Amino acid sequence: MKKAVRWFSASPPRTLLLGFSFIIFLGALLLSLPISSVSGQTMSFIDALFTSTSATCVTGLVLFDTGAYFSTFGHWVILLLIQIGGIGFMTMATLFALILRRRISLKERLILQESLNQGSIEGLVRLVRKVIFYALALETVGAILYTIRFSIDMPLGRAMYHGVFHSISIFNNAGFDLSGDFTSFSKYSSDLYMNIVSMGLIILGGFGFIVLADLFDWKKKWKFSLHTKVVLSVSAALIVVGALIILIFEFTNSRSIGEEGFGQKVLMSFFQSVTTRSGGVTTVDITEFRQATQFFIIILMFIGASPGSTGGGIKTTTFAVLVGAVLAMIRGKEDVVLFRLRLAQERVYKAVTVTLFCIGIVLLGTLVLSTTEDAAFLKILFEATSAFGTVGLSMGLTGDLTLAGKLTIIFLMFIGRLGPLTLTYALGPKPGRVLYRHAEGKIIIG
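All values reported here derive from a predicted model rather than from experimental measurement. (Residues numbered from 1 in each chain as written. Predicted model: local features only at pLDDT ≥ 70, side-chain atom pairs only at ≥ 80, totals over all residues. Heavy atoms only, no water.)

A. Representation of the pattern of salt bridges. A complete count under the given rule lists 6 salt bridges for this structure. For lysine 187, the salt bridge is made with aspartate 153, and the minimal N-O distance between the two is 3.9 Å. Here lysine 187, found in the loop between helix H9 (156-171) and helix H10 (192-207), pairs with aspartate 153, found in the loop between helix H8 (124-150) and H9; they are 34 residues apart in sequence, far enough to count as distant. With a relative accessible area of 62%, lysine 187 lands in the exposed category. (Salt bridge = Lys/Arg side-chain N within 4 Å of Asp/Glu carboxyl O. Helix = DSSP H or I, 4+ residues; strand = E, 2+ residues; numbered from the N terminus. Buried < 20%, exposed > 50% of the residue type's maximum accessible area, 1.4 Å probe, protein only.)

Here is the structure:
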């Protein structure tokens, strides 16, 4: 009994695990109520759990058309889950504590440190204030911009409703939409205004709040941190290279972008490149893409967004460290150097560990889905990677999932949002103090 109590009251990773689990189950209970659906019918608990996990883990994989199936109450439940899952439940809890003028304890600061991927607890409360301010400010601007565009197609009241919903959903990289018929933003595939607003929100949400704080404070310091430099450069490179490869692969594909003008092809390619970074909305039917393009999108989804952001994946910084380590090895260098700064070996080890963990989890999920689902392998791999990367793109498998398949996707979405290392630290035993080191051995590599 004492051991169980100690487990529930222990480390920050376990607190995050239990906190996210509680929010997901509470959301599932609310979504399973008759008031959450337009028809007044009760959704099965497993489907409600799937939807709640997808919203809280800001993924966007859906079993039912969000706009047509759920009532206004259901929409607001989903929106609240997205907001809590996007900026973190500990950030929300800290917000209420600050409003009530309650002191933030050391344990709460340690949990915040784990939640925001910070190296120390110094300045955490100040960072939380910035996170909340930037999130609400950008979501408000996005809601206004969306409302302006939606008001052309629908009454102002409904346009405001759609504007608020899509701004929060897309900034948090959740991928839920109210377009209907699972069409996402395909109606606006050639709309430059909607594409720019949507891509801007996805990119800013995927940068991470640490980077946003650095960007807004740039005039005070006149320089960026190494983390911000790596995130900005890798994100830009992935977006541009991704758009170029999608454009090349799909240029003559009449089922996707082949029939469009050159300018529209470029716009659609950029949007698809951006949304694979954990956005989840799309302007083109991904099932019509060539297999090479679909496989390349899997790679982009696996890399994902940046640390401390609303997105998933192994993260841009992890990818940068891996590339840096490979280049250092090729050049015969001992140190991994980024922007003329040397990285500690511990950072490199962590990047390798995270990547191998993520590969293992995606492969395990794919293996299970290959057993439980009757679908092509590429479609299964795409679904598993999308769930783990909390992207929300699908090749049509989500609606046909079996019970075992739904549970597998729920598991992948949960790990993808929480983080594989956080889950390992939460479930694993607390490491003891190292009292000795083994003698050095040699092994042949390559």
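Next comes the rest of the description.
B. Region of the structure containing empty space enclosed by the protein. Taken as a whole and assessed by the stated rule, the structure comprises 2 cavities of 30 Å³ or more. The computed volume of the largest cavity comes to approximately 80 Å³. Lining the largest cavity, in full, are Asn173, Ile202, Ile203, Gly206, Phe207, Ser235, Ile239, Val274, Arg277, Ala305, Ser306 and Thr316. Counting residues per element, the ones that place at least two in the lining of the largest cavity are H10 and helix H13 (226-250). (1 Å grid on protein atoms, 1.4 Å probe; cavity = no way out; pocket = protein on both sides within 12 Å on 5 of 7 lines; lining within 4 Å. Points joined across faces, edges and corners; volume = space filled by probe spheres on them.)

C. Layout of the side chain of histidine 166. With respect to the helices, strands and loops of the structure, histidine 166 is situated in helix H9. A polar atom in the side chain of histidine 166 sits 2.8 Å from the backbone oxygen of histidine 162. (Polar contact = N/O pair within 3.5 Å; in protein donor to acceptor, adjacent residues only side chain to side chain.)

D. Expanded view of the packing of helix H18 (residues 377-388) against helix H19 (residues 403-418). With their axes 7 Å apart at the nearest point, H18 and H19 run at an angle of 40° to one another. Judged by the angle between their axes, H18 and H19 are oblique. For the pair formed by H18 and H19, the contact residues are Glu383, Ala384, Ala387 and Phe388 on the first element and Ile409, Leu412, Met413, Ile415 and Gly416 on the second. Along the lines of polarity and charge, the residues of the contact of H18 with H19 split into 7 nonpolar, 1 polar and 1 charged. (Axes fitted to C-alpha atoms, helices over the stretch in contact; angles between N-to-C directions. Parallel < 35°, antiparallel > 145°, perpendicular 65-115°, else oblique. Contact = heavy atoms within 4.5 Å. Nonpolar A, V, L, I, M, F, W, Y, C, P; charged D, E, K, R; others polar.)

E. Layout of H10. Spanning 16 residues, H10 covers 22 Å between terminal C-alpha atoms, matching the ideal 22 Å at 1.5 Å per step. Taking the backbone nitrogen of tyrosine 193 as reference, a side-chain oxygen 3.1 Å away marks aspartate 191 as the first, capping residue of H10. Of the residues one or two after H10, glycine 208 is the one with positive phi, at around 100°. (Expected span 1.5 Å × (residues − 1).)

F. Focus on the packing of aromatic side chains. Here the structure, examined in full by the defined rule, presents 10 aromatic pairs. Consider the rings of tyrosine 146 and phenylalanine 185, whose centres lie 6.3 Å apart with planes at 75°: the pair is edge-to-face. With a gap of 39 residues between them, tyrosine 146 in helix H8 and phenylalanine 185 in the loop between H9 and H10 connect regions that are remote in the sequence. The ring of phenylalanine 251 has lysine 265 sitting right over it, with the charged end atom 3.7 Å from the ring centre. (Phe/Tyr/Trp six-rings, centres within 6.5 Å; stacked < 30°, edge-to-face > 60°. Lys NZ or Arg CZ within 6 Å of the ring centre and 35° of its normal.)

G. Seen up close, the environment of lysine 223. Tracing the backbone through its elements, the reader meets lysine 223 in the loop between helix H12 (218-221) and H13. With relative accessibility at 58%, the residue lysine 223 sits in the exposed group. Here lysine 223 is in contact with Asp214 and Trp218, once residues within four sequence places are set aside.

H. Molecular detail of the packing of H13 against helix H14 (residues 262-275). Between H13 and H14, the shortest axis-to-axis distance is 8 Å and the interhelical angle comes to 125°. Considering their axes alone, H13 and H14 lie oblique with respect to each other. For the crossing formed where H13 meets H14, the hand is right-handed. On the side of H13, the interface is formed by Leu238, Ile239, Val240, Gly242, Ala243, Ile246 and Leu247, while H14 contributes Lys265, Val266, Ser269, Phe270, Gln272, Ser273 and Val274. Grouping the amino acids of the contact of H13 with H14 by side-chain chemistry returns 9 nonpolar, 4 polar and 1 charged. (Left-handed = near helix turned anticlockwise from the far one by under 90°.)

I. Spotlight on the nonpolar core. Phe50, Ile78, Ile82, Phe176, Phe382, Ile409 and Met413 are the most contacted members of the largest nonpolar core, which totals 65 residues. At the level of secondary structure, the elements contributing two or more residues to this core comprise helix H2 (12-31), helix H3 (45-56), helix H5 (72-87), H9, helix H15 (291-303), helix H17 (345-372), H18 and H19. When residues no more than four places from it in sequence are discounted, the contact partners of isoleucine 409 are Phe50, Leu61, Leu369, Glu383, Ala387 and Leu401. In terms of nonpolar packing, the next biggest core, distinct from the first, is built from 27 residues, Ala135, Ile170, Met199 and Phe271 among them. (Core = buried A, V, L, I, M, F, W, Y, C linked by side-chain atoms within 4.5 Å.)

J. Geometry of the environment of glycine 419. For glycine 419, the position within the fold is in the loop between H19 and helix H20 (420-427). With relative accessibility at 15%, the residue glycine 419 sits in the buried group. For the pair glycine 419 and cysteine 358, spaced 61 residues apart in sequence, the C-alpha to C-alpha distance is 9.0 Å.

K. Spatial organisation of unusual backbone geometry. Within the chain, valine 58 stands out as a residue other than glycine whose phi angle is a positive 40°. Topologically, valine 58 is positioned in the loop between H3 and helix H4 (66-69). With relative accessibility at 0%, the residue valine 58 sits in the buried group. Even without being glycine, arginine 340 reaches a positive phi, approximately 65°. Summarising the element assignment, arginine 340 is placed in the loop between strand S1 (337-338) and strand S2 (341-342). The class for arginine 340 is exposed, based on a relative accessible area of 83%.

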